[in-house]
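# Coordinate inspection notes
Below are the chains, spelled out letter by letter.
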Amino acid sequence: MKTITGLLMATLLTGCAAEDMAYDSESGATTLGSPASSNGTAPASGDSYRYLELINQARRDGYYCGGSYYPPTTDLYWNDDLSAAAYRHSRDMADYNFVGHTGSNGLRVGDRLSAEGYSWRRVGENVAAGYRSAESVVEGWLSSEGHCRNLMNPEFRDVGMAEAQVDEPELHLYGSYWTQVFAAPR
């Protein structure tokens, strides 16, 4: 069963990599971000700190995303608004048993982030399901070219990440749903 679950998770990540782009609020274009300063906040909990360290360690080391090398880059700042948007989307995916970038209400990452009050210029999102730890989901995203590009993009400055677990595992394909949101403030 573990092999089948691992295969399903790998397929899931590969299947949505093409959607893991960033959006430019000024032009409406799909992009991969641009430079911006940040007013990010410090992590609010032990889990937040662990997520941030995992992400920033990859950024400090540099990483191959598919065939493209992303050199070491600046650390991201934890942002509570991005984390709240990530949690709401993870909870939505868990409650409605789906994995995707468009919520059950039709909203996408930029809509969710604006609803949290974050004034963004560019934003990106990674989603995943079935991973049991922050370490394993970050490793999965780094192994998927589109997700890895978001994570390593030097133009993003803020990040938030959250997991939602299901209440009734027997009714879901996955036991946990993850969302990671990246942004450059306006």
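Read on for a plain summary of the structure.

Rules used throughout
Residues numbered from 1 in each chain as written. Predicted model: local features only at pLDDT ≥ 70, side-chain atom pairs only at ≥ 80, totals over all residues. Heavy atoms only, no water. Salt bridge = Lys/Arg side-chain N within 4 Å of Asp/Glu carboxyl O. Helix = DSSP H or I, 4+ residues; strand = E, 2+ residues; numbered from the N terminus. Buried < 20%, exposed > 50% of the residue type's maximum accessible area, 1.4 Å probe, protein only. Core = buried A, V, L, I, M, F, W, Y, C linked by side-chain atoms within 4.5 Å. Contact = heavy atoms within 4.5 Å.

### Things to note about the pattern of salt bridges
- This structure, assessed with the given rule, holds seven salt bridges.
- The salt bridge partner of Arg88 is Glu116, with a shortest N-O separation of 2.9 Å. Taken together, the residues span a long stretch of sequence, with Arg88 in helix H3 (residues 80-96) and Glu116 in the loop between helix H4 (109-115) and strand E6 (120-129) at a distance of 28 residues.
- For Glu116, a relative accessible area of 21% corresponds to the partly exposed category.
- Notably, a salt bridge pairs Glu145 with Arg149, separated by 3.6 Å at the nearest N-O pair. Note that Glu145 and Arg149 are positioned in helix H6 (residues 145-152) at a spacing of four residues, about one turn of the helix.
- Owing to a relative accessible area of 38%, Glu145 belongs among the partly exposed residues under this scheme.
- Relative accessible area serves as the criterion here: at 18%, Arg149 is assigned to the buried category.
- A network of salt bridges, in which partner residues are shared, links Glu53, Arg60 and Asp75.

### Description of the nonpolar core
- Formed by 23 residues in total, the largest nonpolar core has its most connected members in Val137, Leu151, Met161 and Trp178.
- The set of elements that each furnish at least two residues to this core consists of helix H2 (46-61), helix H5 (134-143), H6, strand E7 (158-165) and strand E8 (176-185).
- If one sorts the elements of this core by residue count, H5 sits on top with five residues.
- Setting aside its immediate chain neighbours within four residues, Met161 contacts Tyr51, Ile55, Trp78, Ser83, Ala86, Ala134, Val137, Val138, Trp141, Trp178, Thr179 and Gln180.
- Among the nonpolar cores identified, the runner-up in size contains 11 residues, and Tyr118, Trp120, Val181 and Ala183 belong to it.

### Looking at the environment of Gly160
- Relative to the helices and strands, Gly160 is located in strand E7.
- Taking relative accessible area as the criterion, Gly160 reaches 0% and is therefore assigned buried.
- Sequence separation of Gly160 and Asp80 is 80 residues, and the distance between their C-alpha atoms is 6.6 Å.
- Those residues in contact with Gly160 that lie beyond four places of it in its chain are Trp78, Asn79, Leu82, Ser83, Ala86, Thr179, Gln180 and Val181.

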